[in-house]
Structure formats: C-alpha cells, structure tokens
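# Descriptive analysis of the structure
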Amino acid sequence: MLDPDGGLLRGTLDILILKAVNWGPRHGYEIAEWVKTITEDDLLVEEGPLYTALHRLEKRGWLSAEWGVSENNRRAKYYQLTASGRRQLRAEVSSWERYVRAIAKALAATSPVTA
Amino acid sequence: MRRAFRLRIGRTHIAHEVDDELAFHIDMRTQQLIAAGRSPEAARAEAARQFGDVDSVRSDCVTIDQDRERAVHRAHVLEELKQDVVYALRTLRRNAGFAAVVVGTLALGIGANTSMFTLVDAVLLRAIPVSHPEQLVAIGDPSRTSSVSQGSPRVDLLSYPMYTDLRDNNNHLVTGLLASGRTGRLDANLADSGRVLEHPRGRFVSANYFQVLGVPAAAGRTFDGTEDRAVGAAPVVVISNGYWTRRLARDPRAIGKTMTIDGADVAIIGVAPASFSGEIVGTSTDIWIPLSMQPVMQPNRKMLEDRSTSWLLSLGRLTPGVTLGQAQAGFGAMLHRALIDYPIPGQALTPEQIRRMRIFVDAGDKGFSRVRELYARPLVTLLIGVGLLLLIICANVANLLLARAVARGREMSVRLAVGAGRARLVRQLLTESMVLGLLGAAAGLLVAWWGSQLLLWMASDGASTIPLVLRLDLPVLAFTLVLSVVAVVVFGLAPALRASRADLASTMRSGARSLAGGGGGLGARGQRAPLGKMLIAGQVALSLVLLVGAALLVRSLQKIQTASVGLDRDHLLVVDVDIAARGYSGDRLSNLAVDLSARLGRLPGVAAVSWSENGLFSGTESANTVQVTGFTARDYSDTVAFYDQVGAGYARAVGAQLLMGRDFTDLDREHAPPVTLINETMARFYWPGESAIGKSIRISDSNSVTVVGVVRDIQDHELDAAPVRRFYLSYLQHPVGEAGSLRFEVRATGDPAALSNRVRREIAAADPQLPVGGVDALTFLMRQSIQRERLLTRLAAGFGGFALLLAAIGLYGVMTYAITRRTNEIGLRVALGARQLDVVRMVLGDALRLVALGVVVGIPLAIGAAQLLRNQLHGIGATDPAALGVALGVLAVSAVVAALLPALKAAGVAPVVALREE
C-alpha cells in the first residue's frame, strides 16, 4: 500500500518486518531483501527507514536482537520475534485481512445501497 | 531470571552498534551491486542512494536504543528490588523472633528520636500559625512574654508610647505593627453563668493584632483596627476556639454575650480559628483584649501612658522589598534614639553606651516564647543523647545481623557459587535491613506519638500541660524517614559487606562441622569476632558518653538542691494573698501586713513570720537603678540592682544570715529615716574593701536610703543563678500601691507544709473575703523552679541506663557466642586440668579487655561531649572526676555481671560433652 508520495502507509512496514522474521532470525539486509522480493521492489522506496522501524519494534518488545555471524562471516545484528511480537503479528494480520475484505467488498459493489 | 548477555549502557556503545549495523547493510548492498556488474564507486553510491539519509536514520536509531536501554535497566532494578523485598519478608517471617527483637529495639530508638524531634519541631522550628509568618519581624526579647518592667525605659520590651511611636513612624519598614502584653491574672465571669469566677488566660493586644497576623475570625469578627482610638471605647474581646469549646460549648449565640473581666463589662465579638494559638509559643491564650481596655480593667496601673513601664512585645509585617537586615537597622536606630530622647532618670548615658545596649529585632516567624528560651538547650542536648542511643541500638542490631550472617554463611556461599554478584548480595542484604528499618520506623512513629506527649507532660509542672501543638507533620515524618535510612546504613552495611565476603571454599568445607558446633564454621571464626567485638567496644564507648553525661547532670542537680541558698530552705512556707482583690493599699495594707504577720506568728509551730512584695521562688521580681556616691558606672548594667520590699524581721524570718548591722524592725516606718538592707554581693560591688553600713544609696533619682545591714546572698528565685546585687526596702516605709502584692514567709519549727491549713484558717479569720493564692513549702517551690533541670536529668539518666542495658546485652551476646564456639577448647582445658576458676577468669578477661578498649575510646569522647553540657551544669565542671568515676563504676559493674553469666556457663562445661561434640 502506498501513500500519495509513493511511500509505505504508516504501520504497513511494521507488519512486513514482523512477517519477515516469522520463520527465524534475520539481519536487516535479509529483511530488506525479503521485503523487496516479496513486493517486487514496489514498496520499499528507501531502505533507511527499515532500520528505524526495526529499532522501534525492538523497543516495543516485539523483536529481540542478538549479534551473530552472517553467511559471509561478518558480524551482523539478527532480529527475531518475541512471544509478544508473534501475538502482535497475528493481531495485525487479522485486522489487515478484515480491512482488505471490507475495501474489496466496497469496491465490488455494483449498485448504490441506500438506507 | 538472569540474562545470558547484557548490553552495556552508554551513548558511545550504542552508537557503535548502530554504526556497525548500518555499515553492514550498505556493504552488503554494495557487494550485491558489484556482483551485478557495477564499478565499486558506482555501486557504493547507488547503495547509499537506496539507503537514504544515513545520518538521520542513525540518530533516530541511537535515540530509540537509549530509551530502550534505560527502560530495560529500570525494569530490571525494580524487578530485583521487588524480589529482594519479597525474599526479605519471607526470610524475616521465618525468623520472626529475630525480626521482632530488631524491629522492637529500632522502634524504641527511632521512636525516642522522633519524640524528641517532635518537641524540637514544636518549640524551635515551627512557624506560628499565621498568614505568611516569614514576613514578620519581631521586636523585643522573645523570652519576656509576661514581664512588666517599671522604673526606666528599656529597649528589650516596649512601653505603649514607644510602641505607638514605632507603629506610626517607621519609614514604611512594615505595613503594620502589632503589640501584645501580659494581663496578669484575670477575674472573669460570663454574664449568665451563675457568676462563677474563673481566670482565663488573657493577653492585651493592639487593635490591628489580627489584621497584621492575617488571622480571620472563625465565627463573628476580630478587631477592626479602631479599638485603640480611645481608652475604654471598645469593650470587646475575641475568644479562642479552645475557650469557646471549653466554656461555651461552641454555642454560636455566645457571640454578642457579655462577660465581666476585672470589673469591666465586655462583649464577645468573635472566635479565633482553631489553628490559631497566638503568637506566644508554649502558652495558650483564651481571650484577646484590646490594649485600650487595660486602664479600665486595671485602673491603678498606668500602663499606656508611662514610658518607663515596658511590657509589650511587637510583631510587624515587613513591607514587600524590605529585608530583615534593613528592618533591624531601622528599628534598632529608632530604639536607641528613643533612649536619647527619653533618658533613664538620673542616668547620663553616653551615646556610645546607649549604642552598646542590646536591641532585639529579629525574624518573627516563630513568634515569642519563654518555653523556647528555657528548653532550647536541654532539647538539643537530649536530641544528641537520643541520637547516641540510636547509634548504640544500631550497633546492637548490627551485631545481631552479623550473628545471623554467620548462620547464613552457607546460603551466601551457595548464591555466590551460582553466580550472584557480590554487589547484588550486598544489595539484597541491605534491602533486608531496609525492610527492618522501615518496619522499625513505622513502629517508632507509634512510640513517638505517645512518647512526645509523655515528654511534654514531664516537662510541664504537673498542674497543666504546656500547651504545645505536637504533630507528626511533614518535617517530623521526613526526619524519621531519613533517620531510619541512616540507621539502616549504619547497622546494615557492615554485616552485608562482611556476609558477601563469605569465603566460599572454607564455608562449604566446614559445613558439617559448623552444623555440629551449633554456630559459625571455621570460615567465620577468624572474621566475625573482630567486627562483632569492635561493635561491642563501640557500644561501651557510646554508653560511657551517655553515662558520663547523665552522671554530670545528676551531680549538678544534687549540687543545686543542696547548695546554700542563704535561706532556711526546709522550714519556710510561702503564702500568697491577693490584696488587689480586696483593694488594700497604703496604711490599710501596712496594717493588714502587720496584723496578719502577728496572727500567723502566734500559731503553734511557727518560729517567725515576715512578709515581702515579691515572694520567694514564686511571684515577681523587681529591679531598679541605683546611684552610689563615689562609684562610676562603666555601663548601664552597673547601675541596676534587684530589690524587694520586705517586712519587719525579714532576715530572721527567712533564715538569712546577717553579716553586719541590723534587720528591719516595726520602727522602719514612713516618717522614720529611710533605710535599706543590702546583700554581700552589692556591698562588695559598690564598696569594695570597706564597710557599707551607714553609706547611702539613691534609688532611681528620687529617694535616698541608708544602709543599715548587710545579709549573706539569698537565692530568691532561681537556685542556679549567679548571685546578683540585691537590696531590701522596708515595706512599712515605702507602702506599695494597690498594684502591689503581699506574700508571707512563715518559718516553721517543723514541717512547714503541715502548717498550711492552720495558716489558711487564720487568714480567713482576719479577713474572710481575702483570697489566698498559694500556700506552698519553699522546698516545693524550689523543686518547681528546677523542673527543667530535673526533667533533663531524669531523661539523661534514662537514656544512660538504657544505653548501659543495651551494651550489657550486646556484651552478653557476644561472650555467649564466643563460648559456644570455644566449647571444645574449654572442654579440653578442663580435661587437661584447668580449674573452673581459671575458665571464669579467662572468659571474664576476654570480656573486660573489650570493655577496657571501649572505655579507652569512650573517655575522651565523653569528656568532649561533656563540653556541650557545660552551660547546663551548676557547681561542677564538665570534667567532674566524681561523675566520671561513677559512670565508670556503673559501667564496670554492669560489664562484669554481663560477662559473668557466660563465664559461669563456660566453667560448667563438662569435658566429656565438649569432646563428644567434637
């Protein structure tokens, strides 16, 4: 979802990040790459804000971070979902789906309904 | 519970991590772009472009991380504190006996301190309950709340004309200036109360009194500022909330009611608020009467006109912007100026001498108080005393905690072994102490609640309690809290540090052994003893300080009580008759004095009778200025002497020793040559090295009198006062007016108190209407006059005794513990042939070495502390050897008793038992 300037809608990035680490610890670059791949380069205009979001989610307690070694043997900061992060992801996914269904329903309407 | 890793806190540390993280990303992106065929430079530029504003992301991340770190740290600390408190409570519940002893002793210590501080707060610290007390400036000696000085203008008390001068002409230093003065005893009755005579405590106040103080009426109204315009113009009074409650049952209709005070009808116009107890701390006023009513109620006392009648104290509200210093300079100059404009009769003081006279202009926020003057020093002394007591208690608690720390050695070792940090253990043990301290403080507040009331009751003279408002208010609670925290650190820190140092290996190794030994193990053996014993030595030292202080005060009190006062102290009865009530004056008064004196003299059991105006150890005091030919005064004070007007045969009646000349007789009457008796201090001062007999004195620039006798110094009003110059005039020669008073001194052959009823009956026979005030044995009056000293001594002795008890218990505990530890050794010694006496001697020796150490430290401390008492000691020095000896003796005996019990127990150790234990 894009706002008029072509950026991500507020809150959309958070849910994508949570989803990105759903399967296990990932460092920031991996998350950025996943987001790019999965959204076919459309969503992430700049990569910087991804890190602000990662640190914010860590502060909220939805992610925990740990330094580890990357596949090319460099020190990298790995993020993973905490229990409350997992709950948050589930909650956001379901409310997102409700929202999408509602919009889709509205857009699929064929005649004006009057009260 | 413990994190596997912990991020360090700190800006640089966080910034580094953020830098590393972002750099990693950009490097990865660059490599990816190079792999896709870009040149390294182009790849790096593209990576940066894709990332966006690195600096702003970096600073956002750092800020977020710092917030997170702080939150984590706070939560962590709180969590640990919660755990510690829960753990402490659980531990203490398991050791309820231990906890009760510690909390109990702490409660006593903290309670005693809080009680004392409550009094200090009420007497010395708290501001009077008026609006913005900090804006007030006080003029006059704050301790002279009920004085009247006649004869010459003064600057430590104001006359009414002096007050109005200052009020009307002070260059706007103050926006309002009030004055108040004593009323003396009031005879009052409420119009419809069946004419029951009562004596409410009153105060004459200026019409602006309530306005300047900013105190509104709780019911009705207060004075509106016009009451002073003319004498007798405003027959109104404001009553206190207490009086309204006590006498009028809070009846709203009481306002408007008339009451008769000293013959004048006045209307009650209002009630002061309950919180308002007046500007005099330590007295409570029932009725405020406008100054303009004074001449109506007391027609014989010209207290509003006379510049030489000083009796008012004054409070002013500083004009905004005027500092206290400016007010002091301004009012000081005005007061000095007044003495130049209205000189003391017969005294040509130089401006230099006048400038040297002490002016009392000070901050007025604490009002005036006689009680404060009397009790400031004793209170501070006692506060130091209870402070020491608390230290001793802390030492005792520390010792208990140490003993427990040894018992918990294994627990500590285990916790250290599983990785708990030493700081963490210290914190946990301190939390435990803090829980004990706060429980002690809470219980201490309960102790303080009745403790302060008890102290106040003890300080009061029995008849009525000093009306001080005692509250556990914010300063008091803050004091208690700070005190308990300090106490916790004092008693808790050493044991906590000591326990956390538990030697892992040795404690574990000695586990079995220490269990069998029923006490500490080897690991504790070498370490516990020195600290515990040092604490005992410290307790002994502090106890010695308190004991020496108490012994000094006891000795001083004894000196006061047995000092020669120049009177036949054990046989005198002082009888106060109220001549004003029956309007006696002049010849009628003289005749009454002679007649009653003769009647009383005929009573069986009476050896002699005379009379005086001021009385002994009660009643009033008089002073006047005297001029002596050939004597040059260096100072105004050189010309002041105390005096009394006394009846025929006075010296003989009171048991004064006549050193030279003669006593007064019936012939020293109005038209006979005017004569005087003087005391030896006066004789020595004005006529050093020659006989005073036949010399003449001019009193206050009027009459001249000839010295006919010199008596040994008499302590007339205070046992511990330095001798002052004093002269006596013949009552019959200088008849006192209606405002005067009459007191008989009856010397009994036996117990004077036994004469009391007969004396009352005899006076009633002469004039049934004549009210008799007090009929008191001189010894009783003297005891009352040293109420303060007796209180101080009693409390100091109590503290000393308590301190001694605590030190003895501590010594007993430590010695018992030591003996338990040495059971094997002692058993072995006995098995090897040591006699019981040797064992006792050994244990006693150990104990007394500790005591000796404490004494060595304590003696210099005690001597130092005694210097603080110097001003409260009479007749002995601060290093009185007898007091020191008594204190040491008491301490030694107690120490021997405390050590003897464990020593005897040790002597009873059977070798078999000891060996079996091993």
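Cut-off values and rules
- Residues numbered from 1 in each chain as written.
- Chains lettered and ligands numbered in written order.
- Predicted model: local features only at pLDDT ≥ 70, side-chain atom pairs only at ≥ 80, totals over all residues.
- Heavy atoms only, no water.
- Helix = DSSP H or I, 4+ residues; strand = E, 2+ residues; numbered from the N terminus.
- Buried < 20%, exposed > 50% of the residue type's maximum accessible area, 1.4 Å probe, protein only.
- Contact = heavy atoms within 4.5 Å.
- Rg over C-alpha atoms; globule rule 2.2 N^0.38 Å.
- Axes fitted to C-alpha atoms, helices over the stretch in contact; angles between N-to-C directions.
- Parallel < 35°, antiparallel > 145°, perpendicular 65-115°, else oblique.
- Nonpolar A, V, L, I, M, F, W, Y, C, P; charged D, E, K, R; others polar.
- Pairing = 2+ DSSP bridges.
- Arc of directions from axis to C-beta.
- Buried area = accessible area lost by both parts, 1.4 Å probe.
- Salt bridge = Lys/Arg side-chain N within 4 Å of Asp/Glu carboxyl O.
- Polar contact = N/O pair within 3.5 Å; in protein donor to acceptor, adjacent residues only side chain to side chain.
- Core = buried A, V, L, I, M, F, W, Y, C linked by side-chain atoms within 4.5 Å.
- Left-handed = near helix turned anticlockwise from the far one by under 90°.
- Patch = residues over 30% accessible without salt bridge, like charges linked within 9 Å, V, L, I, M, F, W, Y side chains within 5 Å.
- Areas by Shrake-Rupley, 256 points an atom, 1.4 Å probe, with all protein chains shown as cover.
- Lys, Arg positive; Asp, Glu negative; His and termini not counted.
- Charge placed at Lys NZ, Arg CZ, Asp CG, Glu CD.
- Phe/Tyr/Trp six-rings, centres within 6.5 Å; stacked < 30°, edge-to-face > 60°.
- Expected span 1.5 Å × (residues − 1).
- pLDDT = per-residue confidence, 0-100.

### Examining the overall build of chain A
Helix and strand counts for chain A stand at four helices and three strands. Written out in order from the N terminus, the α and β elements of chain A read α-β-α-α-β-β-α. Here chain A holds 115 residues, and 41% of them are scored as buried. Look at the contacts in chain A between residues 6 or more apart in sequence, and 49% of them connect residues 24 or more apart.

### A short note on the overall build of chain B
Summing up its helical and strand segments, chain B has 27 helices and 22 strands in all. Relative to the compact-globule value of 29 Å for 918 residues, chain B shows a C-alpha radius of gyration of 38 Å, a clear excess of over 25%. In terms of principal-axis extent, the alpha carbons of chain B reach across some 130 × 95 × 60 Å. When contacts within chain B are restricted to residue pairs at least 6 apart in sequence, long-range pairs at least 24 apart make up 81% of them.

### Some words on the packing of helix 1 (residues 12–20) of chain A against helix 3 (residues 48–60) of chain A
All names here are of chain A. Where helix 1 meets helix 3, the closest approach of the two axes is 10 Å, and the angle between their N-to-C directions is 75 degrees. By the angle between their axes, helix 1 is roughly perpendicular relative to helix 3. Contacts between helix 1 and helix 3 involve Leu-13, Asp-14, Ile-17 and Leu-18 from the first element and Pro-49, Leu-50, Ala-53, Leu-54, Arg-56 and Leu-57 from the second. Split by residue class, the contact of helix 1 with helix 3 holds eight nonpolar, no polar and two charged.

### Things to note about the sheet that holds strand 3 (residues 75–81) of chain A
Sheet architecture is open: three strands sit in the order 1-3-2 (chain A), paired in antiparallel fashion. Two strands bound the open sheet, and with one partner strand each, they are strand 1 (26–27) and strand 2 (63–69) of chain A.

### Quick word on helix 24 (residues 823–831) of chain B
Residue and element names in this part refer to chain B. Those residues of helix 24 not exposed but buried are Thr-823, Ile-826 and Gly-827. Along the axis of helix 24, the buried residues cluster in a sector spanning 100 degrees; they form a single face. Just past helix 24, the residue Gly-833 takes up positive phi, approximately 110 degrees.

### A few points about the interface of chain A and chain B
On the chain B side, the residues contacting the 28 residues of chain A number 23 residues. With both chains or domains summed, chain A and chain B bury close to 2,300 Å², and 55% of this area falls on carbon and sulfur atoms. The largest per-residue losses of area from chain A upon contact with chain B belong to Tyr-29, Tyr-51 and His-55 of chain A, which jointly make up 27% of the total buried on that side. Across the chain A-chain B interface, the total number found is seven salt bridges. The salt bridge partner of Arg-74 of chain A is Asp-27 of chain B, with a shortest N-O separation of 2.8 Å. Linking chain A with chain B are 17 residue pairs in polar contact (both at pLDDT 80 or more). At the level of secondary structure, the elements contributing two or more residues to the side of chain A that touches chain B comprise helix 2 (28–38), helix 3, strand 2 and strand 3 of chain A. Residues that form the side of chain A that touches chain B fall into these classes: nine nonpolar, seven polar and 12 charged.

### Side note on the nonpolar core
All names here are of chain B. If you look at the biggest cluster of nonpolar residues, it comprises 123 residues, and the most contacted ones within it are Phe-210, Leu-213, Phe-276, Trp-288, Leu-468, Phe-491 and Leu-811. Beyond its immediate sequence surroundings of up to four residues, Leu-811 is in contact with Ile-536, Ala-847, Leu-850, Val-851, Ala-895 and Ala-898. One finds Leu-291, Leu-318, Leu-339 and Met-357 within the second-largest nonpolar core, a separate group that totals 50 residues.

### With respect to the pairing of strand 20 (residues 726–730) of chain B
Consecutive side chains along a regular strand alternate between the two faces of the sheet. All names here are of chain B. Among the five residues that make up strand 20, five are buried, leaving the element largely enclosed by the rest of the structure. The alternating pattern of strand 20 places Arg-726, Tyr-728 and Ser-730 and Phe-727 and Leu-729 on opposite faces, both of which are buried. Inspection of the sheet shows strand 17 (residues 675–679) paired to strand 20 by three bridges, in the antiparallel sense. By the bridge assignment for strand 20, Leu-677 is matched with Tyr-728.

### Describing the packing of helix 4 (residues 96–125) of chain B against helix 11 (residues 370–407) of chain B
Residue and element names in this part refer to chain B. Two elements in contact, helix 4 and helix 11, have axes whose closest approach is 9 Å; the angle formed by their N-to-C orientations is 165 degrees. The angle between helix 4 and helix 11 places the two elements in the roughly antiparallel class. Viewed along their axes, helix 4 and helix 11 form a crossing whose handedness is left-handed. Here the residues of the contact of helix 4 with helix 11 are counted per class, giving 24 nonpolar, four polar and two charged.

### Observations concerning a negative patch on the surface
Taken together, Glu-46 of chain A together with Asp-53, Asp-55 and Asp-60 of chain B make up a surface patch of like negative charges. One can find Asp-60 of chain B in helix 3 (residues 54–94). Taking the relative accessible area as the measure of exposure, Asp-60 of chain B reaches 36% and is therefore partly exposed.

### Regarding the environment of Arg-726 of chain B
Residue and element names in this part refer to chain B. Mapped onto the elements, Arg-726 comes out in strand 20. Along the chain, Arg-726 and Val-711 lie 15 residues apart, while their C-alpha atoms are 9.9 Å from each other. In this structure Arg-726 touches Glu-621, Phe-642, Tyr-643, Leu-677, Ile-678, Asn-679, Met-682, Ile-714 and Asp-716, once residues within four positions along its chain are discounted. Of the polar contacts made by the side chain of Arg-726, one reaches the side chain of Asp-716; its length is 2.9 Å.

### A look at the environment of Leu-472 of chain B
Residue and element names in this part refer to chain B. Among the structural elements, Leu-472 can be located in the loop between helix 13 (422–459) and helix 14 (474–500). For Leu-472 and Gly-854, which are 382 residues apart along the polypeptide, the C-alpha to C-alpha distance reads 36 Å. Setting aside residues no more than four positions away along its own chain, Leu-472 makes contact with Thr-114, Thr-118, Leu-445, Trp-449 and Leu-477.

### Here's the deal with the pattern of salt bridges
The final tally for this structure, using the stated rule, is 43 salt bridges over all chains. In this structure, the salt-bridge partner of Asp-165 of chain B is Arg-307 of chain B, at a minimum N-O distance of 2.8 Å. In this pair, Asp-165 of chain B sits in helix 5 (residues 160–168) while Arg-307 of chain B sits in the loop between helix 8 (294–297) and strand 10 (312–318), placing the two residues 142 residues apart along the sequence. Residue class for Asp-165 of chain B comes out partly exposed when judged on its relative accessible area of 33%. Residues Asp-224 of chain B and Arg-221 of chain B are paired through a salt bridge, measuring 4.0 Å at the closest nitrogen-oxygen approach. Of the residues examined, Asp-224 of chain B reaches a relative accessible area of 41% and is grouped as partly exposed. A single network of salt bridges, built from pairs that share partners, joins Glu-33, Lys-36 and Glu-47 of chain A together with Arg-29 of chain B.

### Section: the packing of aromatic side chains
Summed over the entire model, instances satisfying the criterion amount to 20 aromatic pairs over all chains. Measuring from ring centre to ring centre gives 5.7 Å for Tyr-51 of chain A and Phe-51 of chain B, while their planes differ by 35 degrees; the resulting arrangement is tilted. With Tyr-51 of chain A in helix 3 and Phe-51 of chain B in helix 2 (residues 40–51), this pair bridges two chains. For the pair Tyr-51 of chain A and Phe-51 of chain B, a shared accessibility class is recorded, and that class is buried. An angle of 80 degrees between the planes, with centres 5.0 Å apart, marks the rings of Phe-685 of chain B and Tyr-686 of chain B as edge-to-face.

### Re a nonpolar patch on the surface
All names here are of chain B. There is a patch of nonpolar side chains on the surface, built from Leu-438, Leu-481, Val-485, Val-489, Leu-493 and Leu-497 and spanning about 450 Å² of accessible area. When residues of the nonpolar patch are assigned to their parent elements, the largest contribution, five residues, is made by helix 14. Examined against the element boundaries, Leu-493 turns out to sit in helix 14. A relative accessible area of 33% places Leu-493 in the partly exposed class.

### Quick word on helix 3 of chain A
Residues and elements named next belong to chain A. Over its 13 residues, helix 3 runs 19 Å from end to end, which matches the ideal 18 Å to within 8%, given 1.5 Å per residue. For helix 3, every residue scored as buried is listed here: Gly-48, Leu-50, Tyr-51, Thr-52, Ala-53, Leu-54, His-55, Leu-57 and Glu-58. One or two positions beyond helix 3, positive phi appears at Gly-61, with a value near 90 degrees.

### A short note on the confidence of the model for chain A
With 83% of its residues at a pLDDT of 70 or more, chain A shows a mean pLDDT of 83. When the criterion is pLDDT under 50, residues 1–7 of chain A qualifies, and its contacts beyond four places in sequence or with other chains add up to 12 contacts.

### Concerning unusual backbone geometry
Backbone geometry at His-132 of chain B places phi at a positive 40 degrees, although glycine is not the residue there. Structurally, His-132 of chain B is set in the loop between helix 4 and strand 1 (136–139).

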